[in-house]
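Understanding the architecture of this molecule
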Amino acid sequence: MASIGEFDPLNSSVPATKIEITVSLVVLYVQGIGTKEWREFGRTEVIDNTLNPDFVRKFVLDYFFEEKQNLRFDVYNVDSRSSNISKHSFLGQTFCTLGEIIGSSGSRLERVLSYNFLYEKQTSKPSPDEEMGIPGKKCGSIIFTAEELSNCRDIATMQLCANKLDKKDFFGKSDPFLVFYRSNEDGTFTICHKTEVIKNTLNPVWQPFTIPVRALCNGDYDRTVKVDVYDWDRDGSHDFIGEFTTSYRELSRGQSQFNVYEVLNPKKKGRKKKYVNSGTVTLLSFKVESEYTFVDFIRGGTQLNFTVAIDFTASNGNPSQPTSLHYMNPYQLNAYAMALKAVGEIVQDYDSDKLFPAYGFGAKLPPDGKISHAFPLNSDCENANCVGIEGVLEAYYDCLRKVQLYGPTNFAPVINQVAQCASEVTDGSQYFVLLIITDGVISDMVQTREAVVTAASLPMSVIIVGVGPAEFDAMEELDGDEVRVSSRGRAAERDIVQFVPFRDYIDRSGNQVLSMARLAKDVLAEIPDQLLSFMKSRGIEPRPALSPSPTPQINVHL
């Protein structure tokens with residue numbers, strides 16, 4: 001099954017799952033991140049003389065859970081052999097996201113086609129519908145199905161060791177670790193794996209690790225993989241020992257003379273005539289297996305339950321003042337609303353009922369001024385659900401008018417609240433994602449660490465977005481990328497927390513859509529692997545996908 005069209009505007013240097021869409025229409029358009037421009041991705045073949053065409057040609061797209069991938073499908077009646085689309089009769093169109101198709105039951109989505117009178121330049125007398133001001137006329141329906149291509153499933157497990165690495169520490173040897181980078185189309189490199197640190201040795205043997213093949217090479221077996229060797233330093237200023245390059249194809253040969261690599265330091269090589277190398281790295285073992293993917297679980301019916309928790313502490317400033325992080329500007333979203341919308345609009349595609357619990361913390365509540373750290377934004381203590389992301393935003397704005405911003409900044413209560421819900425559904429049918437948006441430093445770090453360690457054994461992930469100019473150094477302690485969170489001698493079973501400061505993603509030109517897309521891309525990127533890590537740890541397999549319609553088709557009524 002091949003990609004359609006001469007170019008792939010969704011082609012990216014980051015790892016991607018290939019998703020095949022069966023559609024019954026003519027032209028697919030995609031929209032770039034942070035832009036309103038639509039670009040043609042591909043066309044189906046032409047089916048003659050039928051109102052119910054069943055197209056054979058399929059579209060193959062790169063799927064990114066962490067992106068809102070907008071799609072537009074336009075249907076035409078072909079009037080000639082011309083490839084110029086304007087020469088054909090426009091019948092109707094529909095819009096959706098790739099996530100909506102995948103997140104629908106059985107990855108099967110049906111949408112109504114509508115004719116937009118503003119779409120084409122009108123050269124004839126207006127129709128009665130136009131004169132009535134009807135924006136779009138229903139003219140059929142489209143059925144989409146999505147299927148993951150099998151080459152996305154492979155994961156590689158490998159183990160490496162090193163010999164005679166350069167000594168970097170004054171009082172000891174070295175504390176080496178490896179950093180793997182995948183090469184991108186533009187010649188840059190993207191980090192895709194770090195090994196653990198082996199202390200005080202020049203001959204380390206690292207533990208075996210697994211990595212998705214798509215993360216290592218994005219499906220291109222000959223793409224360069226660069227590996228840097230570092231000496232770990234406590235202050236984070238790790239010393240560069242050297243580097244080497246390889247590829248997936250070379251690594252797949254396994255342990256052999258071809259997989260012993262010289263570690264070279266370019267600066268040393270240019271400075272010392274007798275320089276040979278800074279040691280060697282040897283591949284000890286390499287194997288490839290196919291595993292269940294995130295899409296397998298979503299197609300099997302796993303739902304993502306999205307919960308929001310918003311910081312209502314006084315450090316945010318008076319909401320009626322433009323300097324406040326909660327300021328309700330009538331012309332643009334504040335940072336809290338942007339973060340909520342950026343993450344929520346993507347996750348909502350994987351939640352069938354579109355009901356989202358939303359909480360606040362750190363405020364005094366009416367009528368008696370009691371401080372709460374997990375109060376429902378909709379003021380309904382029996383049911384904190386809001387309808388859709390827009391419903392969450394409305395509840396947030398309404399709450400700002402009723403409560404008094406106060407403090408302190410406690411995370412543990414709301415984490416424990418969601419963890420309680422997650423503990424009741426551990427069969428793989430649901431996975432919980434908690435978004436916490438805050439402007440300051442955590443006041444209950446001890447209790448929050450305990451809450452995270454407990455939550456790590458449940459089907460749950462926590463996203464923390466820091467807004468405003470505050471220093472969030474302490475927050476990094478919860479993001480277990482480097483060191484796993486622990487509490488009272490107990491380490492978290494999984495890394496489930498992702499923290500980012502929103503200021504790092506703000507577009508300098510003021511493009512809010514681009515800022516939100518950048519934020520979502522980073523904070524959501526780890527969710528699929530975190531879901532898979534829970535399922536694998538519990539031996540949970542995806543349920544069989546609901547069978548899509550055997551003959552996906554478009555029914556156009558003229």
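Within each chain, residues carry numbers counting from 1 in the order of the written sequence. Totals for whole chains, interfaces and linings use all residues, but because this is a predicted model, local features are given only for residues with pLDDT of at least 70 and pairs of side-chain atoms are given and counted only at 80 or more. Side-chain calculation: all heavy atoms of the structure are included, whereas hydrogens and water are not.

The next subject is the overall build of the chain. Per the secondary structure count, the chain includes twelve helices and 29 strands. Burial status follows relative accessibility: with a 1.4 Å probe on protein chains alone, a residue under 20% of its type maximum counts as buried, one over 50% as exposed, and anything between as partly exposed. Looking at the 558 residues of the chain, the share that counts as buried comes to 52%. Every residue pair with non-hydrogen atoms within 4.5 Å of one another is taken to be in contact. Sequence separation of 24 or more characterises 72% of the internal contacts of the chain that already satisfy a separation of 6 or more. Looking at the chain as shown, the accessible area adds up to about 26600 Å², and 50% of this sits on carbon and sulfur atoms. Numbering of helices and strands starts at the N terminus; helices are DSSP runs of H or I of at least 4 residues and strands are runs of E of at least 2. We get accessible surface area from the Shrake-Rupley algorithm with a probe of 1.4 Å; when it comes to residues, only the shown protein chains can shield them.

As a further point, take the sheet that holds strand β15 (residues 260-262). When DSSP finds two or more bridges between a pair of strands, those strands are recorded as paired. Read from one edge to the other, the open sheet built from four strands follows the order β12-β9-β16-β15, with strand pairing classed as antiparallel. Of all the strands in the sheet, the pair left with one neighbour each is β12 (209-212) and β15. In this sheet, adjacent strand axes meet at a mean angle of 35° when their direction is disregarded. Across three bridges, the pairing between β15 and strand β16 (residues 280-290) is antiparallel. Helix axes use the C-alpha atoms of the stretch in contact, all axes being lines fitted to C-alpha atoms, and the angles between their N-to-C directions lie in the range 0 to 180 degrees.

Mapped onto the secondary structure, Arg253 falls in the loop between α4 (248-251) and β15. Once you skip the residues sitting within four places of it in the chain, Arg253 turns out to touch Phe258 and Asn259.

The aromatic pairing rule takes the rings of Phe, Tyr and Trp, using the six-membered ring of Trp, and pairs them if the centres are within 6.5 Å, calling planes under 30 degrees apart stacked, those over 60 edge-to-face and the rest tilted. Enumeration according to the criterion identifies 21 aromatic pairs in this entry. Measuring from ring centre to ring centre gives 4.8 Å for Phe244 and Tyr261, while their planes differ by 15°; the resulting arrangement is stacked. Here the residue Phe244 occupies a position in strand β14 (residues 239-247), and Tyr261 occupies one in strand β15, the gap between them amounting to 17 residues. For the pair Phe244 and Tyr261, a shared accessibility class is recorded, and that class is buried. An angle of 70° between the planes, with centres 6.2 Å apart, marks the rings of Phe312 and Tyr396 as edge-to-face. Here Phe312, found in the loop between β17 (303-311) and α7 (335-347), pairs with Tyr396, found in helix α8 (residues 388-400); they are 84 residues apart in sequence, far enough to count as distant. What makes Phe312 buried here is its relative accessible area of 0%. Note on Tyr396: relative accessible area 0%, which makes it buried. Linked through ring pairs, Phe312, Tyr336, Phe375, Tyr396 and Tyr397 together constitute an aromatic cluster. Criterion for a charge above a ring: Arg CZ or Lys NZ at most 6 Å from the ring centre, at most 35 degrees from the ring normal. Between the NZ or CZ atom of Lys521 and the centre of the ring of Phe64, over which it lies, the distance is 5.3 Å.

To estimate the expected span of a helix, count its residues, drop one, and scale the result by 1.5 Å. Here α7 contains 13 residues, and its C-alpha end-to-end distance of 19 Å stays within 8% of the 18 Å for a straight helix at 1.5 Å per residue. Most of α7 is tucked away, with eleven of its 13 residues classed as buried. Within α7, burial applies to Tyr336, Ala337, Met338, Ala339, Leu340, Ala342, Val343, Gly344, Glu345, Ile346 and Val347. In this structure Asn334 caps α7, since a side-chain oxygen of it lies 3.0 Å from the backbone nitrogen of Tyr336. Think of a polar contact as two N or O atoms within 3.5 Å of one another; within protein, one of them needs to be a possible hydrogen donor and the other a possible acceptor, and neighboring residues in sequence only count if both atoms come from side chains.

Our next topic: the nonpolar core. Core analysis: the biggest nonpolar cluster contains 76 residues, and Phe306, Phe312, Leu377, Ile463, Val465, Leu519 and Leu524 have the highest contact counts within it. At nine residues, the largest contribution of residues to this core is made by α7. If sequence neighbours within four positions are ignored, Leu524 has contacts with Phe65, Glu66, Val343, Ile346, Val347 and Ile463. In terms of nonpolar packing, the next biggest core, distinct from the first, is built from 33 residues, Tyr359, Ile415, Ala422 and Ala456 among them. Definition of nonpolar core: a set of buried residues of the types Ala, Val, Leu, Ile, Met, Phe, Trp, Tyr and Cys, connected through side-chain atoms within 4.5 Å.

For the rest of this paragraph, the subject is the sheet that holds strand β10 (residues 176-183). Spatially, four strands are ordered β11-β10-β13-β14 in an open sheet, and the strand pairing comes out antiparallel. Whereas interior strands pair on both sides, the edge strands pair on one side only; in this sheet they are β11 (189-194) and β14. Averaged over all neighbouring strand pairs, the angle between strand axes comes to 30°, with direction disregarded. With five bridges connecting them, β10 and β11 associate as antiparallel partners.

This paragraph deals with the side chain of Ser278. Considering the arrangement of structural elements, one finds Ser278 in the loop between α5 (266-271) and β16. Accessibility expressed as a relative area gives 0% for Ser278, which makes it buried. Here Asp166 takes part through its side chain, which lies 2.7 Å from a polar atom of the side chain of Ser278. Among all residues touching Ser278, those that are not within four sequence positions of it are Lys164, Leu165, Asp166, Ile241, Val263, Asn265 and Lys268.

Here we take up helix α9 (residues 412-423). Across its twelve residues, α9 extends 16 Å between first and last C-alpha, which sits within 8% of the 16 Å expected from 1.5 Å per residue. For α9, every residue scored as buried is listed here: Ala412, Val414, Ile415, Val418, Ala419 and Ala422. When α9 is viewed along its axis, its buried side chains cluster within an angular range of 165° and face the same direction. Check the buried side of α9 and you find it contacts β17, β18 (355-361), β24 (430-438), α10 (445-455) and β25 (460-466). By construction, the arc corresponds to the directions joining the helix axis to the C-beta atoms.

Within strand β5 (residues 70-77), six of the eight residues are buried, leaving the element largely enclosed by the surrounding structure. Strand direction decides the pairing type here: strand β2 (residues 27-31) and β5, joined by four bridges, are antiparallel. Within β5, the position partnered with Val27 by the bridge is Asp74. Pairing analysis gives eight bridges linking β5 to strand β6 (residues 89-97), with the strands arranged antiparallel. Counted as the bridge partner of Asn70 is Thr97 from β6.

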